[in-house]
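Observations on chain architecture
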Amino acid sequence: MAASELYTKYARVWIPDVEEVWRSAELTKDYRQGDGVLQLQLEDGKELEYKLDPKTNNLPHLRNPDILVGENDLTALSYLHEPAVLHNLKVRFTDSKLIYTYCGIVLVAINPYETLPIYGSDIINAYSGQNMGDMDPHIFAVAEEAYKQMARDERNQSIIVSGESGAGKTVSAKYAMRYFATVSGSASEANVEEKVLASNPIMESIGNAKTTRNDNSSRFGKYIEIGFDKRYHIIGANMRTYLLEKSRVVFQADEERNYHIFYQLCASAHLPEFKALKLGKADNFHYTKQGRNPVIDGIDDAKEMSTTRHAFTLLGVNESYQIGLFRILASILHLGNVEVKDRDSDSSIIPPNNGHLSVFCELMGVTYQDMSHWLCHKKLKTATETYIKPVPKLQAINARDALAKHIYAKLFNWIVHHVNKSLHSSVKQHSFIGVLDIYGFETFEINSFEQFCINYANEKLQQQFNMHVFKLEQEEYMREQIPWTLIDFYDNQPCINLIEAKMGVLDLLDEECKMPKGSDDSWAQKLYNTHLKTCALFEKPRMSNKAFIIQHFADKVEYQCDGFLEKNKDTVNEEQIHVLKGSKFDLLVELFHDEEKATSPTGAAPTTGGRTRLSVKPVKSKAGQSSKEHKKTVGLQFRNSLHLLMETLNATTPHYVRCIKPNDFKLAFTFDPKRAVQQLRACGVLETIRISAAGFPSRWTYQEFFSRYRVLMVQKDVLTDRKMTCKNVLEKLVQDPDKYQFGKTKIFFRAGQVAYLEKLRADKLRAACIRIQKTIRCWLARKKYLRMKHAATTIQRYVRGHQARCLAKFLRRTRAAIFIQKYQRMYVQRTCYKRKQAAALAMQCILRAYMARQLYKALLREHKAIIIQKMVRGWLARQWFKRSLRAIVYLQCCIRRMRAKWELKKLKIEARSVEHFKKLNIGMENKIMQLQRRIDEQNKDNRSLSERLNGLEISHAAESERMRVEVHRLRGAEEDAKNNANKVTTLLEELERLRKDLKNTQKEKKAIEDWAKTYQDEMEKMISELKEQNHLLKNEKNDLNRLIQEQGQQWTDKMQRALKEETQQLENDLNEERSRYQNLLTEHLRLEEKYDDLKEEITLAVNVPKPGHRRTDSTHSSNESECTYNSEFAESEEGSRGGEDVSKAILDMSLFLKLQKRVSELEQEKQSLQNELDRREEQFQRARARDDEEHKKARGAELEYESLKRQELESENKKLKHHLNEMRQSLRGSAEAGSAAPGSPPYTVLLDQLNSSNEELEVRKEEVLILRSQLVSQKEAMQHKATMTEPLPYIEDVQKLTDAKEISQAYMGLKDTNRLLESQLQAQRRSHDNEVEVLRGELHSVKEDNNRQQQLLAQNLQLPPEARIEASLQHEITRLTNENLDLMEQLEKQDKTVRKLKKQLKVFAKKINDLEGGQMDVSPGQTTDEPVHPVNIPRREKDFQGMLEYKKEDELKLVKNLILELKPRGVAVNLIPGLPAYILFMCLRHADYVNDDQKVRSLLTSVINSIKKILKKRGDDFETVSFWLSNTCRFLHCLKQYSGDEQFMKHNSSKQNDHCLSNFDLAEYRQVLSDLAIQIYQQLIKSMENTLQPMIVSGMLEHETIQGVSGVKPTGLRKRTSSIADEGTYTLDSIIRQLNSFHSIMCQHGTDPELIKQVVKQQFYIIGAVTLNNLLLRKDMCSWSKGMQIRYNVSQLEEWLRDKNLMTCGAKETLEPLIQAAQLLQVKKKTDEDAEAICSMCNALSTAQIVKVLNLYTPVNAFEERVSVLFIRTIQTRLRDRKESPQLLMDTKVIYPVTFPFNPSSLALETIQIPGSLNLAFLTRV
């Protein structure tokens, strides 16, 4: 494959960059062979010409396809190189918030600098038992792999955690140990796993410190071996430490701190136990203030001190030793404050009475003079004599600091030794897992001896890592039978030889240390002379003669020679050590007592604390070697300990964790590429990539290759043999055969070949997409053309139609115009004619009018004269009438005034009586009628006036006519008038006067007309106002009625809601209580099983089987035994006695003996309490047995009285409602009839209520008398019955009471009963008196209400009519509202009373049943070997039928044949369901019939214990557990159905009622059987879960139910081999078949349908929870296609539910979180609307789960898009107000509480036949 095929246009490459290390660019032009420049375009759009190196002509690295970015395993990348690794880690870390990534066999962990919720117990359980490639990368996955390989291969394991300071090494190692402690557990009584974890705070306090890079940096290396026994439980641990940084004790750089323990001590100095240490703040001591930063943000040193002390206590370091340790640490602080002064240039002195030195000597128990002397002097020895020489100030200070470092190192070693001692176990270690937490490669500006040792150790570890990777590659090639070719990889053996070989750096350093005048300068010259010209890895700096450079595997490091010799020697003044050895402080002496034996004080002792088991043999020490060992240098000791560590690691299987520090500023999820790539180069990750890339890094199985690249094949290439198919296709696709190799199961590809195949696949898919687009676009274009053609035709049709319509319109308009012209011309002519005619008529009219007016004037003058005469005569008559009228009216007024005074006196007398109101009311009505009558009279007057006016008009017309006649007459006499001038003048004056009279008459007429009109308007206005008021009153009445109805509806709704909420709360409480009870049963069962396991261990202690290779999963419960405590107690005592002698020789029996003793004490205490309870119950029942009937009758009377009271209240309620209806009707009638209706006013109703209240009072009195008579008669009847009709059982019991003491007790019981009855009668009398008082109070309130109504009525009469009506209505509304509220209160009280009475009825019915059952006293009898519960079995006598008789000695045979040896399969298939339960119940009925309580107890106990034994033996068999769950429930239902309780006998036939138990009440045994059924149900769920668990992930997630939807992506080293269904893998059909099997088995066994629904609901919850948990922990499963697969799988499960008619069992709801997660994978995830839709859709998922799915979403094909970080933040913002649990995973261990609804059987017992196959011939049917 030529480069031109890959470096084409649009190909993306990586180019070097100064800031970002690597930068992405895109080719804008194809590359051709020989081109020296690449045309590139950066991501920001900038054009760039990239010049190729003319010497190498190396092209830039190609970029991986987007679908491979973010892979879990870096080896899955198509192009394996540095920029691809760096980019993949950055995308996972910053975008997906994933800190773990696989790189082949290495787990890369990036420090997030933030607390993440991924280390909880739920995550541990999710990773437990899983393959490493099945889940997302995690430290728990590495720990699980190590644990699994240890158990499977029986080979010790090691986890090597490395990285620079601040990368998170210590935290990773801590989480790995926590995983082992959680998963494996402890096998002994002491919690070893807690001790192992408790060692962490101790080692962190004394070995960790704050640096500029890390707040909790480990300043030493440690290797912890966690030991396991043969069952792979933790039994102990051992720790080895390396190279403690002692210099930190006396010096710290800026912004750094000393070891944490010093600051913890200073923070706790105020405690009383630390007063003697004389400590203060950390700023007061030289050794803790040099860094000038004594406080770490967010860390409380005082709290950490308490944690450290608690850890010391847990590890067995007592309080006195702890105080001693703190004394030594405090003395080191005081020693640092000792001030040394110059005496002269060659000597120094400590001032006398130095306070800090005094405290130091006091705490250390040494003398002040000796210590002050040897701090400033040293002893020199020669061959002949010894000299004491003073030292200068600088040497004295160095000696002081060396002493402090030496003391701290000794203390550190002592603590490590005691930690190992406390973690040591006496049990033999079978295997171990080592966790190595060691410093990574370091390079600083100034590198000294410490960095040299650290980098030396990393060179050794890198060599071991390279060899291991090379070995794994070789094994893989050989396993697949690929021709092995030597891969060239970097071997750092030359660098290691440079350091540790003969004449190496360390050898020359040790040689220089032996020289008397050796110095750093002379050692540097020796290095230059020895290695500068001979070793290419050794260099000399140009500008320095005191430094050297070594080319390490990671980088070049320049070391400064200053201080190398001094640190390598690590010398301490021996005289100072002698002073400390002479101390009175025992702990200090203990630190130095082995000074002669141990090596010189270094940062670590290689064999500190010893090991429980070494992989290699330690070198044996020879005699006389101690003196030489005393002179060993630090470098030599470190080299020896490092060799021992490498031998240990080589003897184990290593697992690598590389911790990366993303930035130097401790910013959360911030990635610095420069720092990251530097660490990747240093930790060997890139070397792993290089080794993998040198061979065939990409590996595919044939099935994976076929599934992925099926699109590149044609149909003829596809063969049945997948291997041949792949070979044929590859030969066509890749021409160079060296680019791939065919193995046995996999195809191996060179680097870049998968990318080439992906390019071909993408091109093929792109071509297919283009073809599809072409076809679709053609189809769309043709559809568009056809639509346009159809549109054009339509337009033409409409245009032509429009034109035709326009022509028709033109023709119509032309014709219309002709018509218009014709009629217009006609109109003009007619108008002209009409105008002329009108002019002629006007002229005629004017002329005729003039003539008529002249005639009228003449007639008018004559008429006016007549009127004048008439008016004068009328005026004179009226004057006389008015005078007469005034006299008559005055006379009438006098007479009426006199009569009114008489009436007033009568009214004052009558006003004092009640009848006055009636008359007054009648008067009001009369007045209203008078007003109406007045209105009628006024209307009549108006009509009369109108008639008069009309008469006047008529008379005026007649007068006018007469005047005309008179005018004619006057005209005739005109001549006479002319002659008589005087007469004419008189006539003219009279005419003028008549005109004035006429005008006055007209004015009067007009005034009368105006008055009539005004009066009419006023009446109409008044009528309209009355109508409006009436309308308003009606509306107000309707509003009030509606308001009352609404309030009633609201109250009803409120009560219904409250009832619903209360019911829901009660259901929730019931479920919680049921779950709590069932959990207690589970815990009780677990304790029983633990006891049984301990017993079995003792009995089998002699014959211990060899350890198997099977690992016990941590999530699998040890719930394997179902035997009860009582059933095995006798055997356990015998086993314990027989096993004591054996256990003394083999294992520790202390735990078992303590448990056995405790169990026996609890059993004795239980038995004593049970006996005491039986005795008390017996006495109590004897005392109460006599008063049963009396008490029952008394309660009957009380209940009858309560019922009468309730009836009375109901009748009262009905009456009040009747009154309310009457008031409403009266109001309605008054509103309709108006204020003038005399029929039914509301005030008459009040009077009627007063009368009814008086009548009701009389009725109440009569009822009280009746109740009293009834009570007296009931009392007499009870006394009569008590004396005459006592039950036969009482007579029998009295006859049995032969003892005088018992007779006296019975007599006292009767007296107590009589007192109780008397007290009850008195209580009834008191309640009756209280009720009478209440009735009197109610009557009094009614009277007061009546008086108040009368007062209001009187007040209303004084108001005007409108206000009176309004006030009466307002008052009526108020009264009705109050009555409504009172009625509601009474209704609520009655409801409460009814509920209370029902509860009392239930309680008393239960008591009566208990008392009836207590009439027969069953003797306890002799218990069987294993009684379940001591139960009192009362007797009853009834008929018997349908029983099985057996002998006592046949009981064991019955249990054996029917339970222990019964095969469920045969019974379920051939016999009726529940047959064993029916047989056992029929045997129990016979024992009940013969009245043998011992036989009943024995049978029930044997049945229960036998069921538990068979479940213990075959508890993993679902069929067996289901069979006995069904039979246990059927046996429980039979006990209920035939118990005789009415609640269980509703569905019985008469024959079945005859079969009820006759002598014994087994209610308590029903509870025992119910508990047993709960235990069986839980065992069934666990068995079902164990069967389903391996199928769920494979069937629901990994299997492709819809073939071809999800393409297989390239896989890495850690990934599964295939997600395609091969032989042996589980599919969805496997799950459905298993569900069908479960369902059919339960149906065959006759399991109750409700119980089957509960089991199915639990099954579906497990399926949904496990699937969702795996989805949340597997990035490769979070894709669009996988969401489709999940939804299809869920739909198949729903279809299964529909087929089984189980949709209502709640199983579908348990899958809702999984359904929403699948929908979340498929919905659009871009805009804010999408975010809103997701938030509303995913209500069953938590916020953490939604964000996790979005972060894990990975495109499978190049056509999908990733979820942006901004979108995820939008989702988090919208969901931040949710209140929910932060837990990420669902709890798969949840078991819903189970219930056993009563399910009676219709099967008749007498019809049951026992088959011979059961071997029950000894049973006899009765």
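Residues numbered from 1 in each chain as written. Predicted model: local features only at pLDDT ≥ 70, side-chain atom pairs only at ≥ 80, totals over all residues. Heavy atoms only, no water.

A look at the pattern of salt bridges
Enumeration over the complete set of coordinates arrives at 45 salt bridges. The salt bridge partner of Asp-17 is Arg-23, with a shortest N-O separation of 4.0 Å. Judged by relative accessible area, which is 23%, Asp-17 ranks as partly exposed. Where Asp-401 meets Arg-400, a salt bridge forms, and the shortest distance between an N and an O atom there is 3.2 Å. Among the residues examined, Arg-400 registers a relative accessible area of 7% and is labelled buried. A cluster of three or more residues bridged by salt bridges with shared partners is formed by Glu-164, Lys-661, Asp-664 and Arg-675. (Salt bridge = Lys/Arg side-chain N within 4 Å of Asp/Glu carboxyl O. Buried < 20%, exposed > 50% of the residue type's maximum accessible area, 1.4 Å probe, protein only.)

Some words on the nonpolar core
By size, the foremost hydrophobic cluster in this structure holds 319 residues, and its most contacted members are Phe-180, Met-371, Tyr-408, Trp-523 and Phe-548. In terms of residue count, helix 44 (residues 1563-1598) provides more of this core than any other element does, 17 residues in total. The contact partners of Trp-523, leaving out residues within four places of it in the chain, are Val-505, Leu-508, Leu-509, Glu-512, Phe-548, Cys-561, Phe-564 and Leu-565. Listed in part, the 32 residues of the second largest apolar core include Leu-62, Leu-712, Met-713 and Val-734. (Core = buried A, V, L, I, M, F, W, Y, C linked by side-chain atoms within 4.5 Å. Helix = DSSP H or I, 4+ residues; strand = E, 2+ residues; numbered from the N terminus. Contact = heavy atoms within 4.5 Å.)

Thoughts on the sheet that holds strand 19 (residues 547-551)
The three strands lie next to each other as 18-19-20, forming an open sheet whose pairing is antiparallel. Each edge of the open sheet is held by one strand with a lone partner, namely strand 18 (538-539) and strand 20 (556-560). With two bridges joining them, strand 18 and strand 19 adopt antiparallel strand pairing. Residue Glu-539 lies in a different strand from strand 19, and its bridge partner there is Ile-549. (Pairing = 2+ DSSP bridges.)

Observations concerning the side chain of Glu-1519
Relative to the assigned elements, Glu-1519 resides in helix 42 (residues 1518-1537). Look past the residues within four positions of Glu-1519 in its chain and what remains in contact with it is Pro-1464, Arg-1465, Ile-1641 and His-1645.

Concerning the packing of aromatic side chains
Summed over the entire model, instances satisfying the criterion amount to 36 aromatic pairs. For the pair Tyr-147 and Phe-228, a centre-to-centre distance of 5.7 Å together with 75 degrees between the ring planes defines the contact as edge-to-face. You can see Tyr-147 sitting in helix 3 (residues 139-153) and its partner Phe-228 sitting in strand 11 (residues 221-228), a full 81 residues away along the chain. You can call Phe-228 buried: its relative accessible area is 0%. An aromatic cluster is built from Phe-449, Phe-452, Trp-523, Tyr-528, Phe-538, Phe-548, Tyr-559 and Phe-564, whose rings are joined through pairwise contacts. The residue whose ring lies beneath Lys-97 is Phe-669, and the NZ or CZ to ring-centre distance is 5.4 Å. (Phe/Tyr/Trp six-rings, centres within 6.5 Å; stacked < 30°, edge-to-face > 60°. Lys NZ or Arg CZ within 6 Å of the ring centre and 35° of its normal.)

Comments concerning helix 7 (residues 260-267)
For the α-helix, the turn length of 3.6 residues means that residues three or four positions removed from each other point alike. In terms of residue burial, helix 7 counts as a mostly covered element, since seven of its eight residues are buried. Along helix 7, the residues that are buried comprise His-260, Ile-261, Phe-262, Tyr-263, Gln-264, Leu-265 and Cys-266.

Brief notes about unusual backbone geometry
Even without glycine at this site, Asn-353 takes up a positive phi of about 55 degrees. Relative to the elements of secondary structure, Asn-353 occurs in the loop between strand 14 (347-349) and helix 11 (355-364). On the basis of relative accessibility, which here comes to 70%, the residue Asn-353 falls in the exposed class. Not every positive phi belongs to a glycine, and Asn-1701 is a case in point at roughly 60 degrees.

Some words on the environment of Ala-276
As for its position among the elements, Ala-276 is in the loop between helix 7 and helix 8 (286-289). Here Ala-276 falls in the exposed class, since its relative accessible area comes to 53%. A C-alpha to C-alpha distance of 9.9 Å links Ala-276 and Ala-330, two positions 54 residues apart in sequence.

Here we look at the environment of Ser-1583
Within the secondary structure, Ser-1583 is located in helix 44. Using a relative accessible area of 4% as the deciding quantity, one classes Ser-1583 as buried. Residues Ser-1583 and Phe-1518 lie 65 residues apart in sequence; the distance between their C-alpha atoms is 5.9 Å. In contact with Ser-1583, not counting residues within four places along its chain, are Gly-1515, Asp-1516, Asp-1517 and Phe-1518.

Concerning the pairing of strand 15 (residues 377-381)
Looking at chain direction, strand 15 and strand 16 (residues 386-390) are connected through five bridges and run antiparallel. Residue pairing in the sheet places Lys-379 in a bridge with Ile-388 of strand 16. Where strand 15 folds back on strand 16, the antiparallel hairpin that results is connected by four residues.

A word on a nonpolar patch on the surface
Together, Ile-772, Ile-776, Trp-779 and Leu-780 make up a nonpolar patch on the protein surface, roughly 420 Å² of accessible area in all. When you line up the elements, Leu-780 lands in helix 27 (residues 753-910). Of the residues examined, Leu-780 reaches a relative accessible area of 44% and is grouped as partly exposed. (Patch = residues over 30% accessible without salt bridge, like charges linked within 9 Å, V, L, I, M, F, W, Y side chains within 5 Å. Areas by Shrake-Rupley, 256 points an atom, 1.4 Å probe, with all protein chains shown as cover.)

Observations concerning helix 26 (residues 722-733)
Compared with the 16 Å implied by 1.5 Å per residue over 12 residues, the 16 Å span of helix 26 between its first and last C-alpha is a close match. In the core, the buried residues of helix 26 are packed alongside helix 25 (702-708), strand 23 (740-742), strand 24 (746-749) and helix 27. N-capping of helix 26 is provided by Asp-721, with a side-chain oxygen placed 3.2 Å from the backbone N of Lys-723. (Expected span 1.5 Å × (residues − 1). Polar contact = N/O pair within 3.5 Å; in protein donor to acceptor, adjacent residues only side chain to side chain.)

Notes on the confidence of the model for the chain
With 77% of its residues at a pLDDT of at least 70, the chain reaches an overall mean of 79. Across the chain, the element-wise mean pLDDT spans from 37 in helix 31 (residues 1129-1146) up to 94 in helix 7. Taken as a whole, residues 596-630 scores under 50 in pLDDT and shows 66 contacts with residues more than four places along the chain or in a different chain. Across residues 1102-1153, where pLDDT falls below 50, the model places 96 contacts with residues more than four positions away in sequence or in other chains. (pLDDT = per-residue confidence, 0-100.)

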